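Read off the chains here:
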Amino acid sequence: MSAAFRWFRAVHLASTSVVAVLAIVHSGLTARLYSSWSPDAVWFLGTGLGLLLLAVLNWTHIGSEPCERPSAWVVRWANAGFAVFGLAAVAAVPVPQAYAIALGLVGQVVAGRWTLPRPPPPPPPPPKKKTPPPGAPKTAPPCYIFLGPPPK
């Protein structure tokens, strides 16, 4: 494991932890900030639960080596989508906690480039067998006769 991977893994874990803690706090404050179950309360709680789900997805894909799971690309795209909305939230609601969440989300995107690599390219297809043109004489494979072990 390279030093760069270890560093980005630590950044990814720290960013994910920031997002998770703020998501739990965000969800927990729903009942305190909203006196009744309203559409605003549902959206507020849903945002916290969505951020928590993203954190759990990231934790399940951060390992001691780059993630080889076929679902890693889903986590990368989810991170990118949430980061875009996190930056939009900072523009709409410029409060310290919005900056903290946006920083955590951007940290997941940046670190995920190393901890959630793209899957390796598929192996090249096997070479096609050459077929002789129509009407060409067929050649027989060479025959070998061994009267003992093959020569070395």
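Residues numbered from 1 in each chain as written. Predicted model: local features only at pLDDT ≥ 70, side-chain atom pairs only at ≥ 80, totals over all residues. Heavy atoms only, no water.

An account of the overall build of the protein is needed here, citing residue identities and associated values.
The helix and strand tally for the protein stands at 5 helices and 0 strands. Going through the 152 residues of the protein one by one, you find that 26% of them count as buried. Sequence-distant contacts in the protein: of pairs separated by 6 or more residues, those separated by 24 or more amount to 72%. Of the accessible surface of the protein, which amounts to about 11,100 Å², a share of 72% is contributed by carbon and sulfur atoms. (Helix = DSSP H or I, 4+ residues; strand = E, 2+ residues; numbered from the N terminus. Buried < 20%, exposed > 50% of the residue type's maximum accessible area, 1.4 Å probe, protein only. Contact = heavy atoms within 4.5 Å. Areas by Shrake-Rupley, 256 points an atom, 1.4 Å probe, with all protein chains shown as cover.)

Quick one: what's the story with the packing of helix α4 (residues 72–92) against helix α5 (residues 96–115), residue by residue and with numbers?
Interhelical geometry of α4 versus α5 gives an angle of 150° and a closest axis separation of 8 Å. If you check the angle between α4 and α5, you find them roughly antiparallel. Crossing geometry of α4 relative to α5 is assigned as left-handed. Across the interface between the two elements, Arg-76, Asn-79, Ala-80, Phe-82, Ala-83, Gly-86, Leu-87 and Val-90 from α4 touch Ala-98, Tyr-99, Ala-102, Leu-105, Val-106, Gln-108, Val-109, Gly-112 and Arg-113 from α5. (Axes fitted to C-alpha atoms, helices over the stretch in contact; angles between N-to-C directions. Parallel < 35°, antiparallel > 145°, perpendicular 65-115°, else oblique. Left-handed = near helix turned anticlockwise from the far one by under 90°.)

Could you give me a rundown of α4, with the residues and numbers involved?
Helix length check: α4, at 21 residues, gives a terminal C-alpha distance of 30 Å against a target of 30 Å (1.5 Å per residue), a fit within 8%. Those residues of α4 not exposed but buried are Ala-72, Val-75, Arg-76, Asn-79, Ala-83, Gly-86 and Val-90. Axial view of α4: buried residues confined to an arc of 100°, hence all on one face. Exposed and facing more than 90 degrees away from the buried side of α4 are Trp-73, Trp-77, Val-84, Phe-85, Ala-91 and Ala-92. The inward-facing, buried residues of α4 contact α1 (3–28), α3 (39–61) and α5. (Expected span 1.5 Å × (residues − 1). Arc of directions from axis to C-beta.)

Requested: an account of the packing of aromatic side chains, with residues and values cited.
A full pass over the atoms with the stated rule returns 3 aromatic pairs. Between Trp-7 and Phe-8, the ring centres sit 5.0 Å apart and the planes meet at 85°, which makes this aromatic pair edge-to-face. Trp-7 sits in the exposed class, given a relative accessible area of 53%. Residue classification places Phe-8 among the buried residues on the basis of a relative accessible area of 14%. (Phe/Tyr/Trp six-rings, centres within 6.5 Å; stacked < 30°, edge-to-face > 60°.)

Describe the nonpolar core, with residues and values.
In terms of nonpolar packing, the biggest core is built from 9 residues, these being Val-19, Ala-20, Ala-23, Leu-51, Leu-54, Ala-55, Ala-83, Ile-101 and Leu-105. Those elements giving two or more residues to this core turn out to be α1, α3 and α5. (Core = buried A, V, L, I, M, F, W, Y, C linked by side-chain atoms within 4.5 Å.)

Outline a nonpolar patch on the surface, supporting the account with residue identities and numerical values.
A cluster of nonpolar side chains, contributed by Val-21, Val-25, Leu-29 and Leu-33, occupies part of the molecular surface with about 330 Å² of accessible area. Within the secondary structure layout, Leu-29 lies in the loop between α1 and α2 (30–33). (Patch = residues over 30% accessible without salt bridge, like charges linked within 9 Å, V, L, I, M, F, W, Y side chains within 5 Å. Salt bridge = Lys/Arg side-chain N within 4 Å of Asp/Glu carboxyl O.)

Break down α1 for me, citing the residues and quoting the values.
Between its first and last C-alpha, α1 extends 38 Å over 26 residues, near the 38 Å set by a 1.5 Å rise per residue. All buried positions along α1 are accounted for by Phe-5, Phe-8, His-12, Ser-15, Thr-16, Val-19, Ala-20, Ala-23, His-26 and Ser-27. Those residues of α1 that are buried are in contact with α2, α3, α4 and α5.

Any chance you could break down the packing of α3 against α4 for me, citing the residues and the numbers?
Remark: α3 packs on α4, axes separated minimally by 10 Å, with the N-to-C direction vectors making an angle of 145°. For the pair α3 and α4, the sense of crossing is left-handed. Along its contact with α3, which presents Gly-50, Leu-51, Leu-54, Leu-57, Asn-58 and His-61, the element α4 presents Ala-72, Val-75, Ala-78, Asn-79 and Phe-82.

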